[in-house]
Amino acid sequence: MISNILVNNYLRFVLLAVRRLASIQSNVNIGDQMKILNDNKQYKKVLELFDEFNEKTIDKCSNWIIIQALKACTQICDVQRGLKIHNLISSRLKRDSYVLPSLIHFYMQCGDVSHAQLLFDKSTKKTLFMYGAMMKGYIKNNSAKKAIDLFKEVKNPNEIMVNLVFNACAQLATEMELNLLKTISSNIPNSFYSNPYVLTSLIDAFMKCGDVTCAQLLFNKSTKKTLPMYGAIMTGLIVNDQDEEAIDIFNEIRLDELHQENHSDKKMKLLSEMKSDRLESNITIYLCLIKALAKLGMLEKAESFVQQIPIFFLTDHRIQNALIHMWGKVGSVDEAKRIFEKISQPNHIAWTAMINSYGLNGMGIEAMKLFHQMPKEFINDLTYTCVLNSCSHSGLVEEARSIFNSIETKTDITVTTMIDCLSRAAAFEEAQQLIEQFEHNHAPALPIYMALLSGARNAKNSKLAQEVVDRMQKLFPDLKSSLLPASILLANVYASSGDIEKATDIKIELNKSGGKKQIGITMTDIDGKLWKFRAHDQSHPYSAEIYEQVDRMSKEVIKHGHKYDASWIVRPMYADETIETLLCGHSERLAMAAHFIHDRKPKRIQLTKNLRICGDCHRVTKLIALIYQCEIVVRDANRIHHFHLNGQCSCQDYF
């Protein structure tokens, strides 16, 4: 079928070329030839043909030819050529409603909103195509609110306009847009729901507005699910932190459907050249899968799914970049490095992903070396952030200073990362001086103060922590939800300093104001099944055995000299609790115990935790790795810890 398409296209080229040489060109033939060139992404050739044939006979040019020429201008954003065409056809615009949508679309896609707006406003006979071009343009130029306002002017919108208004709602993603989505979707004709483009956009919009339930209901009701629909639901689930569910959706896609028309390398090359929608949909699905696996952070699960990806897709640069990031996030730096080194010409994303992979896994020196090998033109704000973060987690303060001082334009995020680096090293005076210096020319940024506060927490410096929180409350009085983590961190600083009463007072005030602390959850994979634990979790069917194993582990680490550190207890103890029982109830210890009751001699345990690992758990995990001769990998909110069989951690206790 594919070869037939190419043969047909080739024959059309030959036929048109013969017609051209025979000088029997007509408007229709030229227009058709321009369309074929447009379809094959040969936009400059379209414009060359237009200039050659039509510049002197513009009055005789058909709308079809003008539309194809404007399409080519739009695709390569040739503003000057588009303006020239506009001037040539300006006299016919008043009586011609067919070319105007293409001209509006050209200006919008090239960023000239005012010119497009002027054309639209001057038109006395506005068509749905013109409304559609304007709406699409507003969305492209981040003016989704205007697109929605324009949609409300139309009495009987078609499927394209409904599709566009859903996209506009997705871009804004507030509660107001969610309510609008529900209103529009309940009033459109039932026939619209059979349009996969409309349905995909609606699912995407519901997801981005945070209504996962409505999106899933629509998806489940659909009897003809397309790959873009699967992509939209998977993307939405990942955005809403439902990574397991996203992987479950992937498992629902029949492999024969996902790999249809992908049976041989020859066919795949042809599809690649044509950049078919189906190929792009497949790539989107795999990118979603890889992102979900990266967020879960489980090596064995990642390995099992990546094996299902056809070799052809593994050569796509987007897939390769995503895999470098994923392997780094699951703790397999060697695999990330293997993919990076296979890429003949890595782009800025690949370089940055590899630097970040090193940094996450405590390999700051390797991250820094790679950064210095990176082509200068590829380095951007994110690259600086990743390399500075790598230095921060490896204690490479001097190296971080050198890199930071070389940055010409320092942004909030690069300054935040440098403050984090200095604060981890307890260089608080230098960190505060840097904040003052930055704020001479920039507005205060909350993340910068959170980085300083986190350092104060590490150092158990309650005086500094209080000063930082007081300043944050003064600078950011309206950011109540963002100040909540700061108050919790402050309470923890007081608790770790021994002032449990002060910590309790802060938490009581938070409860009164309705603030809720993020619940710590540790996740692990046992025989392909994900287990989740909270602190002191009793919900599991094997809870009795798990706590028996926790007790055995506790006795073993005590034998090896461990003393439980009460400074990591951040709330008052109940009468029936001890320092040991309270700390032994932490979620990561329950997860480790679950592995040992399932397999008495596991070779490797991997955990993912949504909060930072506490100091006592860190020391205990080092001992457990040594005693049980089991490699343990823990990814917390900040980094990945590799606990080795010799009882040492990759972070060198610098976290």
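The shown structure was predicted, so the numbers you read here are calculated from the model rather than taken from an experiment.

1. Examining the UniProt feature "domain: DYW" (unreviewed entry) in the chain
UniProt tags residues 561-655 as "domain: DYW" (unreviewed entry). Along residues 561-655 one finds 33% helix and 16% strand; the C-alpha atoms at either end are 22 Å apart.

2. Comments concerning the nonpolar core
Within the largest apolar cluster, 175 residues are counted, with the highest numbers of intra-cluster contacts made by I104, F166, M326 and W327. Residue contributions to this core peak at 11 residues, all from helix α18 (residues 277-296).

3. Some thoughts on the pattern of salt bridges
Opposite charge on two side chains makes pairing possible when the charged atoms of those side chains draw close. Scanning the model with the defined rule gives 25 salt bridges in all. Linking K295 and D243 is a salt bridge whose minimum nitrogen-to-oxygen distance equals 3.4 Å. With K295 in helix α18 and D243 in helix α15 (residues 243-252), the pair connects residues that are 52 residues apart, well separated along the chain. Residue D243 is classed as buried on the basis of its relative accessible area, which comes to 9%. Residue D316 pairs with R318 through a salt bridge whose shortest N-O separation is 3.1 Å. Using a relative accessible area of 16% as the deciding quantity, one classes D316 as buried. Accessibility expressed as a relative area gives 29% for R318, which makes it partly exposed. Members of the salt-bridge network, linked through shared partners, are D241, D243 and K295.

4. A look at the domain arrangement of the chain
By the assigned domains, the chain splits into domain 1 (31-125), domain 2 (362-513) and domain 3 (522-649). Interface of domain 2 and domain 3: buried area, both sides summed, is about 930 Å²; carbon and sulfur atoms make up 44% of it. On the domain 2 side of the interface with domain 3, the three residues burying the most area are H393, R457 and I500, jointly 38% of the side's total. Between domain 2 and domain 3 we count zero salt bridges in total. Those elements that provide at least two residues to the side of domain 2 that touches domain 3 are α28 (446-458), α30 (480-496) and α31 (500-512). Residue composition of the side of domain 2 that touches domain 3, by class: two nonpolar, six polar and four charged.

5. Quick look at the packing of aromatic side chains
A complete count under the given rule lists 13 aromatic pairs for this structure. A ring pair is formed by Y286 and F313, whose centres lie 5.2 Å apart and whose planes are at 55°; its orientation type is tilted. You can see Y286 sitting in helix α18 and its partner F313 sitting in the loop between α19 (299-306) and α20 (317-329), a full 27 residues away along the chain. Sitting over the ring of F120, K126 keeps its end group 5.0 Å from the ring centre. Seen from the ring of F404, K410 lies directly overhead, with NZ or CZ sitting 5.1 Å from the centre.

6. Section: the sheet that holds strand β4 (residues 631-635)
One open sheet accounts for five strands, arranged β2-β1-β3-β4-β5; its pairing is mixed. Edge positions in the open sheet fall to β2 (529-534) and β5 (640-643), since each of these has one partner strand only. Between one strand axis and the next, the sheet turns through 20° on average, direction left out of account. Judged from the four bridges that link them, β4 and β5 form a sheet pairing that is antiparallel. Paired with I632 across the strands is F643, a residue of β5.

7. Thoughts on the environment of L314
Mapping L314 onto the fold places it in the loop between α19 and α20. L314 gets classed as partly exposed once you look at its relative accessible area, which sits at 26%. Spatially, the C-alpha atom of L314 lies 53 Å from that of T504, the residues being 190 residues apart in sequence. Here L314 is in contact with I309, I319, Q320 and L323, once residues within four sequence places are set aside.

8. A word on the UniProt feature "repeat: PPR" (unreviewed entry) in the chain
Listed under "repeat: PPR" (unreviewed entry) in the UniProt record, and renumbered for this structure, are residues 347-377. For the annotated span residues 347-377, helix accounts for 74% and strand for 0% of the residues, and the straight-line distance between the end C-alpha atoms is 10 Å.

9. Focus: the packing of helix α8 (residues 128-140) against helix α9 (residues 144-151)
Relative orientation of the contacting elements α8 and α9 amounts to 160°, with a least axis distance of 7 Å. When the axes of α8 and α9 are compared, the pair comes out roughly antiparallel. Two packed elements cross with a definite hand, and for α8 against α9 that hand is left-handed. On α9, the residues that touch Y131, M134, M135, Y138 and I139 of α8 are A144, K146, A147, L150 and F151. Its residues assigned to classes, the contact of α8 with α9 comprises nine nonpolar, no polar and one charged.

10. Re the pairing of strand β1 (residues 521-526)
Counted residue by residue, β1 has five buried out of six residues, so it is predominantly covered. Connecting β1 to the next strand, β2, in antiparallel fashion are two residues, including D527 with a positive phi near 55°. When β1 meets strand β3 (residues 604-609), the two strands line up antiparallel, connected through three bridges. By the bridge assignment for β3, T524 is matched with L607.

11. Concerning unusual backbone geometry
With a phi angle near 55°, N142 is a residue other than glycine that sits in the positive phi range. Within the element layout of this structure, N142 appears in the loop between α8 and α9. Although it is not a glycine, H536 sits at a positive phi angle of roughly 60°. If you trace the backbone, H536 turns up in the loop between β2 and α32 (543-559).

12. Notes on helix α5 (residues 79-89)
Among the residues of α5, G82, I85, H86 and I89 are the ones counted as buried. Down the axis of α5, the sector holding all buried residues measures 100°, keeping them to one side. For α5, exposure combined with an orientation more than 90 degrees from the buried face picks out Q80 and N87.

Definitions and limits used
- Residues numbered from 1 in each chain as written.
- Predicted model: local features only at pLDDT ≥ 70, side-chain atom pairs only at ≥ 80, totals over all residues.
- Heavy atoms only, no water.
- UniProt positions renumbered as here; feature names shortened; annotations may be inferred.
- Helix = DSSP H or I, 4+ residues; strand = E, 2+ residues; numbered from the N terminus.
- Core = buried A, V, L, I, M, F, W, Y, C linked by side-chain atoms within 4.5 Å.
- Buried < 20%, exposed > 50% of the residue type's maximum accessible area, 1.4 Å probe, protein only.
- Salt bridge = Lys/Arg side-chain N within 4 Å of Asp/Glu carboxyl O.
- Domains from an automatic or database assignment.
- Buried area = accessible area lost by both parts, 1.4 Å probe.
- Nonpolar A, V, L, I, M, F, W, Y, C, P; charged D, E, K, R; others polar.
- Phe/Tyr/Trp six-rings, centres within 6.5 Å; stacked < 30°, edge-to-face > 60°.
- Lys NZ or Arg CZ within 6 Å of the ring centre and 35° of its normal.
- Pairing = 2+ DSSP bridges.
- Axes fitted to C-alpha atoms, helices over the stretch in contact; angles between N-to-C directions.
- Contact = heavy atoms within 4.5 Å.
- Parallel < 35°, antiparallel > 145°, perpendicular 65-115°, else oblique.
- Left-handed = near helix turned anticlockwise from the far one by under 90°.
- Arc of directions from axis to C-beta.

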